[in-house]
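# Summary of structural features
Spelled out from the first residue to the last, the chains are:
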Amino acid sequence: MKAPTVDYVRPRSLAEAVDLLARSGGEGRVLAGGQSLIAMMNLRLASPGLLIDIARLPELTGASDDADAVTLGACITHAAIEDGRMPDPSRGLMPRVAASLAYRAIRNRGTIGGSLALSDPAAEWPAVLTALDAEVAVRGPNGQRSLKCAGFTTGIFETQLAPEEIIESVRIPKLSVDARWGYVKLCRKAGEFANALAVAIAERGRGHCRVVLGVANGAPLVLDQTSQLISNGGRDDLRSAVVADLDRASDRHFDEFQCNLHTAAAMRAVQQVLQ
Amino acid sequence: MPDDIRGVGASLLRKEDDRHLHGRGEFVADVKLPGTVEVAFLRSPHAHARIKSISVPPEARGRVFTAADLPRVKPVRVVSHSTGAKSPPWPPLATDKVRYVGDAIAACIAPSRGEAEDLANAVAVDFEILDAVIDAPRDMRGSRHPVHEQWGDNLYIEHTLEGGDIEAAARAADVTLTREFRMQRQSGAPLECRGVLAYRDHRLDEVVLYASTQTPHTVRVALAEILDIEERRIRVVAPDVGGGFGPKARLYPEEIVLAALALQLDHPVRWIEDRSEHLLTAAHTRDHHYKVTAYADRQGRILGVDAEIVVDAGAYGLWPQGPYHEASMVARALPGPYTIPNYRSRHYTVATNKTPLGPYRGVGRPGACFVIERLVDEIARAVGREPNEVRTLNLVRPEQMPFATIGGLSLDNGDYPASVELCAELLDLPAVRARQQHREPDGRKIGVGFATFAEQTAHGAAEFASRGAAIIPGFESCTARVLTDGSVVLMVGIQSHGQGLETVLSQVAAEELGIDPGSISVRHGDTESTAFGFGTFASRSMVMSGGAVARASRMLRDKLCRIGAHLLQCDVAAVRCTDGVVAGPQGSVTIAEIAKVAHLRMDGLPPGVDPLLDATATYEPAISTGVFSYATHGAVVAVDPETCFIELLDYAVAEDCGTMVNPLLVEGQIRGGVVQGIGTALFEEIPYDEAGQPLAGTLADYLMPGAAEMPAIKIGHLHTPTPHTEYGMKGMGEGGAVAPPAAIANAVRDALSSIGAEVNETPITPRRVLAAIQKAHKL
Amino acid sequence: MTAIRLRINGAAVADDVPPRLSLADFLRERCNLTGTHLGCEHGVCGACTVLVDGEPARSCLMLAVACDERGIETIEGFAGDPVMAALRRNFHQHHALQCGYCTPAMLITARDLILRRRAASEREIRDGLGGNICRCTGYTNIVTAISEAAKEASDA
């Protein structure tokens, strides 16, 4: 199918982009990599009246590295992260995740901000950034605000982003030197959407351990009991902790098959940490 | 055979490659004509409904064409001579009813495809929704709203095939096994979707169709009849075609509508199908239900098989063959390459409110192979023997051939047990068995499975007549022409869409004429320039078209020798064609020189010899019941018991297709077929919901095998030439796709043998593996 | 209509296009560069892959208007490119194409793998080809061809 009629504008600054979006009467849609949006338009599942192209805005494609955290512009591509062209606060986790995402041609254009803004339940970045305790800076007509990634995604394709806001950057605290991480993406065909996704991070020194599941029929699911278990250095009863966490998530309506996948993904991600 | 390294038997590199490597291929969407207008179809969103009204916005009048706006278009009607066959008329644009999601209602035209789609969305259709028939086994005898009201039931055809005495087999059996099997509906999914460009050529007074089709000549036959135009005023061209595999070997409503539009309007019209449209409306394939009982003795010798086969054939029959062959092909192939003495098959072809079913690589054979090969493995387990022992016990042996199977196929020659051995060798079966003795470090379960089959190829009149076909693709044709400079053109009725026929057919002519294949052009796919032929499908082209090329080339060779002998002033028995010349005892004359005489200096011709070097021949093999290539496939899998994911660790094919004209291309066909078979086995399906909505609309849902999931495929060859064809070659294009579902299902069964889980449904998805494990735990 | 200026295969191109027009359709219909093929238009099959500013991208998922001031390379280009030449030669030698529909995109993707040194092993090559569907060949010969071309490139 061909995309429906649409208008297009390429603002020269983020402020201009925000202004265009605010004045678009709900018809405006931000275009970054386009790997999801154009596909949806080609399938006639989305028909915005105006595309506001932010992909090449310098404010959105830079990265900064301070003592505690790395800030990545929203329009940094998955490929740039994969290739290590960006400072990496995650001790290798983020490049590993980026490399597992779709296909190289998609990664060359798709952006971390775009992934967050869409929050496809099978997407990688929302779960990973939740596990990394990252924050997302968004800019709207009333200025900038900062939101925690954990909680930024509120449901399937739903976020805390207001209609007139644009994601500006993601700030990721640097993992400590003793940090260990595990990442498991289960899928049958390379590059397809995950069937199950688990990220485990253990920074015992800081007492910060988190196990997060993607593909969770909604927002990323933090496995609290499992996180607590590895925080305490435990590895016995790992399976029952995972199962208990999944049982508690009854509102997600996982069937037995999904539970098996989530359990396997979570256990394997944690095992990578515990090795 | 002459010691020519560029004729039959040479792994010649392909002539087709150059244009594709540089992006200079010419697929239908690449053909540009000024003034072309794009077509988008308005299609039914409902599986079954009456059309109460169609409202075209006033500004769109003249740009939206419904059935009423194209009165010259008659419904398509498949003719079948099989007893009891019912054939529904299929109006290319729906008239009173729509019968599947995607059924075309109107053609909308605009300067661009996007605008044509906008137009389609602006047309309002009022429907009265009816119950959808979606469960073929349940609804075949009738439903509240039958698919075709005048029928009284939902059966295109039913038939029983019997041989021997199945009741006696049942009584004598030590082992009785009953299983249900299912092959889910899928798409042939060539990478290039369909497309048609149609225009009026006023100079030649023709309507011309460029179409992505495997069968241009028969498309012309159909269009002439449906549009009531003489064939001499229709030209169909299949340019480069980006894969066909069967779904493009049928006539489609879009081809008819585009031709009608071209005739009615004064400018070229174009419809280029997109992937979602293809997944929705191009022929669907497979979609079989089976319930089968096998009877065996305690050695594992199969005494009889009793099968019920239901084919879910969708809402209409695709011309020319309709859906009638699928079930009967399964029925005839189900006894496999085995000496089974007693058999009964009751088979049913059911109309449902789904996309019409068409042929796809292997057609009925993958399903037949799936059933019988799974049963062989289960019988082996029941009698406590290795599956390959039971397989070999039941296989037809070389000394028994030709062998008439209880299904009615005449197996010509070959060493089936040797293929089993060779395949096991290629996989190093002892090493796999040894590996299975130890726990895998990652906890996965290793399994190995095999499947053997014989593939009927290049079958002709007898076979198609027995299927009740009204059109019998029983021969192929070739016009071979030497031009005045000695270069050669072969004009053939097949249509090469990846098989490399431009190369292999020139190898055949080179073999006969003693010239280099590089001096030979092959023209195919154009009704204008080729004698009538049926196209490429059913693993027929190498044998049929190759045979026609051989015959026509020999006719040319004989004439070249006559003229050459005359020019050399010697006896015609003393000359031969070799290395681009006609050579005699005292000298030679080049083919170019002879060609000049035959065209430009006919005063040099011997008496009684006419000018020109032009020969047309047809060919059919000496037997029309088909020549059978065969193979054993083997798969090694690792099954993750936690996630139920399956990884293919190894795959091997031990095959025999007689003489290989170009071994490089034969192996390409095998590998391509195997990966398609793996797609059927593990990934591809189009499920339908209760309302008749198909649920795989994009390639994100419809998973196709990619390089990362495929193993390197090992191939071993046996060589049993057939006496019934030129050079002893057999067809083999489809075989690769026949056995993978069976081999992989057997491997999964082997991997999970300690649990006793069986998956008897394709695709074998992790969910189905889990269900099988759960079922086994309950027993 | 929006005015765009870009470079295609090294040549400057200026045109006015509707914003909804994909880069793929712009190349095929406006520039008559039909070597780039459409197989799905939702980014999965890979047949439409071209280079945008030197990197493989899905031309079906890019708008022509978003390619203003960008450099595009299609299969019709790569004149004198040694890696592409090695790939073409090896695809031919190893029978790595049948119908040819996936081939232009396969070549462009393979060239990128070789240039990024991601074609050193069969596993790496197979993983790198995940985004390019071939329905005809079964991939074995494509992997072989790329592997051989990569060796030639690293020897050079």
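Position numbers for residues start from 1 in each chain and track the written sequence from start to end. Think of it this way: whatever chain is written first is A, whatever ligand is written first is 1, and the rest follow in order. It should be noted that, the model being predicted, local features are given only for residues of pLDDT at least 70 and side-chain atom pairs only at 80 or more, the latter also being counted only at that level, while totals for whole chains, interfaces and linings use all residues.

### What about the overall build of chain B?
Cut-off, in case you're wondering: Helix and strand assignments follow DSSP, with helices taken as H or I runs no shorter than four residues and strands as E runs no shorter than two, numbered in order from the N terminus. C-alpha atoms define the radius of gyration in this analysis, and the globule rule sets the expected value at 2.2 Å times the number of residues to the power 0.38. By the convention adopted here, residues make contact when the C-beta atoms placed from their backbones lie within 7 Å.
Looking only at helices and strands, chain B has 19 helices and 29 strands in total. For 779 residues, the compact-globule estimate of 2.2 N^0.38 gives 28 Å, and the C-alpha radius of gyration of chain B, at 27 Å, lies within 12% of that figure. The C-alpha extent of chain B, read off along each of the three principal axes, is 90 × 75 × 50 Å. Here the contacts in chain B between residues at least 6 apart in sequence split such that 79% fall between residues at least 24 apart.

### Overview of the interface of chain B and chain C
Tallying the contact residues gives 43 residues for chain B and 41 residues for chain C. Put simply, the parts of the chain that give the side of chain B that touches chain C at least two residues each are helix 1 (17-21) and helix 17 (663-683) of chain B. Per element, the largest residue contribution to the side of chain B that touches chain C is seven residues, and it comes from helix 17 of chain B.

### Details of the sheet that holds strand 4 (residues 63-65) of chain A
Each strand in a sheet pairs with its neighbour through backbone hydrogen bonds, running either in the same direction (parallel) or in the opposite one (antiparallel). All names here are of chain A. The test is simple: At least two DSSP bridges between two strands are needed for those strands to be called paired. In this analysis an axis means a line fitted to C-alpha atoms, helices contributing only their contacting stretch, and an angle means the value between N-to-C directions, from 0 to 180 degrees.
In spatial order, the strands read 4-5-10-6-7; together these five strands make up an open sheet with antiparallel pairing. Each of the sheet's edge strands pairs with one partner strand only, and the pair in question is strand 4 and strand 7 (143-148). For this sheet, the mean angle separating the axes of adjacent strands, direction not counted, is 20 degrees. Examined bridge by bridge, strand 5 (residues 69-73) and strand 10 (residues 166-173) share five bridges and lie antiparallel to one another. Following the sheet pairing, threonine 71 is matched in strand 10 by arginine 171.

### So, the packing of helix 5 (residues 216-227) of chain B against helix 6 (residues 253-264) of chain B
Axis angle and axis distance: for two packed helices, these are the angle between their axes and the distance between the axes, and together they describe the pair. Residues and elements named next belong to chain B. Rule in force here: Angles below 35 degrees are treated as roughly parallel, those above 145 as roughly antiparallel, those between 65 and 115 as roughly perpendicular, and all remaining angles as oblique. Helix crossings fall into two classes, left-handed where the near helix is turned counterclockwise from the far one by less than a right angle and right-handed where it is turned clockwise. Residues were grouped as follows: Ala, Val, Leu, Ile, Met, Phe, Trp, Tyr, Cys and Pro as nonpolar; Asp, Glu, Lys and Arg as charged; and all remaining residues, including Gly, as polar.
The geometry of helix 5 relative to helix 6 is characterised by a closest axis approach of 11 Å and an angle of 60 degrees between their N-to-C directions. Relative to helix 6, the element helix 5 is oriented oblique. Judged by the sense of rotation from one axis to the other, the crossing of helix 5 with helix 6 is right-handed. On helix 6, the residues that touch Val219, Leu223, Ile226 and Leu227 of helix 5 are Glu255, Ile256, Ala259 and Ala260. Tallied by class, the residues present in the contact of helix 5 with helix 6 amount to seven nonpolar, no polar and one charged.

### Here we look at the interface of chain A and chain C
Contacts between chain A and chain C engage 26 residues on the former and 22 residues on the latter. Of all the elements in the fold, those that place two or more residues in the side of chain A that touches chain C are strand 1 (7-9), helix 2 (37-42), strand 3 (50-53) and helix 5 (104-107) of chain A. Classifying every residue of the side of chain A that touches chain C gives 15 nonpolar, six polar and five charged.

### Comments concerning the packing of helix 3 (residues 103-115) of chain C against helix 5 (residues 140-155) of chain C
Residue and element names in this part refer to chain C. In the contact formed by helix 3 and helix 5, the axes pass within 10 Å of each other and the chain directions differ by 40 degrees. As far as their axial angle goes, helix 5 and helix 3 are oblique. Crossing of helix 3 against helix 5: the hand is right-handed. Of helix 5, the residues touching helix 3 (which contributes Met106, Ala110, Leu113 and Ile114) are Ile142, Ile146, Ala149, Ala150 and Ala153. A class-by-class count of the residues in the contact of helix 3 with helix 5 yields nine nonpolar, no polar and no charged.

### Thoughts on the pairing of strand 1 (residues 37-43) of chain B
Residue and element names in this part refer to chain B. Keep this limit in mind: Here a residue counts as buried when 20 or more other C-beta atoms fall within 10 Å of its C-beta, as exposed when 12 or fewer do, and as partly exposed in between; the C-beta atoms come from the backbone.
Counting buried positions along strand 1 yields five of seven residues, so the element is predominantly enclosed. Note that strand 1 and strand 12 (residues 269-272) share two bridges and pair parallel. Among the inter-strand pairings, glutamate 38 is bridged to a residue of strand 12, identified as arginine 270. In terms of strand pairing, strand 1 meets strand 5 (residues 104-110) through six bridges, oriented antiparallel. When the bridges of strand 5 are listed, phenylalanine 41 appears paired with alanine 107.

### A look at the pairing of strand 8 (residues 175-187) of chain B
Residue and element names in this part refer to chain B. Two elements, strand 8 and strand 13 (residues 284-296), share twelve bridges in a ladder whose sense is antiparallel. Paired with valine 175 across the bridge in strand 13 is alanine 296. Sheet topology places strand 8 next to strand 29 (residues 761-762); two bridges connect them, and they run parallel. Paired with arginine 182 across the bridge in strand 29 is glutamate 761.

### Describing the domain arrangement of chain B
Residues and elements named next belong to chain B. Under the convention used in this document: Residue ranges for the domains trace back to a domain assignment, done automatically or taken from a database.
Per the domain assignment, the segments of chain B are domain 1 (17-24 + 475-619), domain 2 (31-130 + 191-243 + 248-281) and domain 3 (284-462 + 623-778). Listed by partner, the interface residues are 17 residues for domain 1 and 19 residues for domain 3. Of all the secondary structure elements, the ones that give two or more residues to the side of domain 1 that touches domain 3 are helix 14 (501-513) and helix 15 (541-568). Of the residues assigned to the side of domain 1 that touches domain 3, the class counts are nine nonpolar, seven polar and one charged.

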